[in-house]
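Okay, here's what each chain looks like letter by letter:
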Amino acid sequence: FCDLDRFKEINDELGHHVGDLVLTEMAARLRASLRGSDVVGRFGGDEFVVLIDDAGLIPGDVIATARAVADKVLVQLNTPFDVEGRVHRSGCSIGVSLFGFEALSGEETLKRADVAMYQAKGAGRNTVRFFDPAMQSAVEARSALEADLRLGLAQNAFVLHYQPQVGAGNVVIGAEALL
């Protein structure tokens, strides 16, 4: 799952017609990074999905193949390019999910790759992350926490307290808000 980094900035700064040219160039570069048996498709917006065919039967071999393809994609998409006389730089955050080793639906495989891609963005962008079940657990825990916070707010379940921060000579120098 490939997501172009800072694509919104290109659309906002230069207009959607330039963004469309960037997407066309990025798609061409993605295709150039792949083998003939691999498939690339635009998933939506600035997101692309790559299916690597015949990566091997041993998980370690599949990971090595996926890593090699992802690294090649990163190099291709990091190379500056010219659109309408202006040099542009973009990168790509890539999330990888293996399939064929577990009974997963296509939707679940994409969801896992998407979770890994957001981990790549969170790690500073322009990098690759492989899906790890701990990633999904973290996403679910965060979602549950947000739901609990929203419920607590709706039910006025929070109480604000201030705790003084005391410095030298027992002088109050600030306060800490506790909820």
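Just so we're clear, the structure is a prediction, and the values are computed from it rather than from any experiment.

Participant: How should the pattern of salt bridges be read in this particular structure?
Facilitator: Working definition: two side chains of opposite charge can pair if their charged atoms are close together. In total, this model carries eight salt bridges according to the counting rule given. One salt bridge in this structure joins lysine 8 and aspartate 12, with 2.6 Å as the shortest N-O distance. Within this pair, lysine 8 and its partner aspartate 12 are both found in helix H1 (residues 7–14), separated by four residues, close to a single helical turn. The exposure class assigned to lysine 8 is exposed, which follows from its relative accessible area of 57%. Among the residues examined, aspartate 12 registers a relative accessible area of 54% and is labelled exposed. The partner of arginine 67 in a salt bridge is aspartate 71, with the nearest N and O atoms 3.7 Å apart.

Participant: Explanation requested: the packing of H1 against helix H2 (residues 16–33) in the structure shown.
Facilitator: Two quantities define a packed helix pair, namely the angle between the axes and the distance from one axis to the other. With their axes 7 Å apart at the nearest point, H1 and H2 run at an angle of 140° to one another. On the basis of their axis angle, the class for H1 and H2 is oblique. Listed contacts from H2 to Phe7, Ile10, Asn11 and Leu14 of H1 are His16, His17, Val18, Gly19, Val22 and Leu23.

Participant: Explain the packing of aromatic side chains to me, please; I cannot follow it from the model alone.
Facilitator: Aromatic ring pairs are reported here in terms of the distance separating the ring centres and the angle at which the planes meet. Following the criterion strictly, the structure yields one aromatic pair and no others. Between the aromatic rings of phenylalanine 1 and phenylalanine 43, the centroid separation amounts to 5.3 Å while the plane-to-plane angle is 70°, which identifies the pairing as edge-to-face. Residue phenylalanine 1 is located in the segment before strand S1 (2–5), and its partner phenylalanine 43 is located in strand S2 (residues 39–44); the two are separated by 42 residues in the primary sequence. Residue classification places phenylalanine 1 among the buried positions, given a relative accessible area of 8%. The class for phenylalanine 43 is partly exposed, based on a relative accessible area of 46%.

Rules used throughout
Residues numbered from 1 in each chain as written. Predicted model: local features only at pLDDT ≥ 70, side-chain atom pairs only at ≥ 80, totals over all residues. Heavy atoms only, no water. Salt bridge = Lys/Arg side-chain N within 4 Å of Asp/Glu carboxyl O. Helix = DSSP H or I, 4+ residues; strand = E, 2+ residues; numbered from the N terminus. Buried < 20%, exposed > 50% of the residue type's maximum accessible area, 1.4 Å probe, protein only. Axes fitted to C-alpha atoms, helices over the stretch in contact; angles between N-to-C directions. Parallel < 35°, antiparallel > 145°, perpendicular 65-115°, else oblique. Contact = heavy atoms within 4.5 Å. Phe/Tyr/Trp six-rings, centres within 6.5 Å; stacked < 30°, edge-to-face > 60°.

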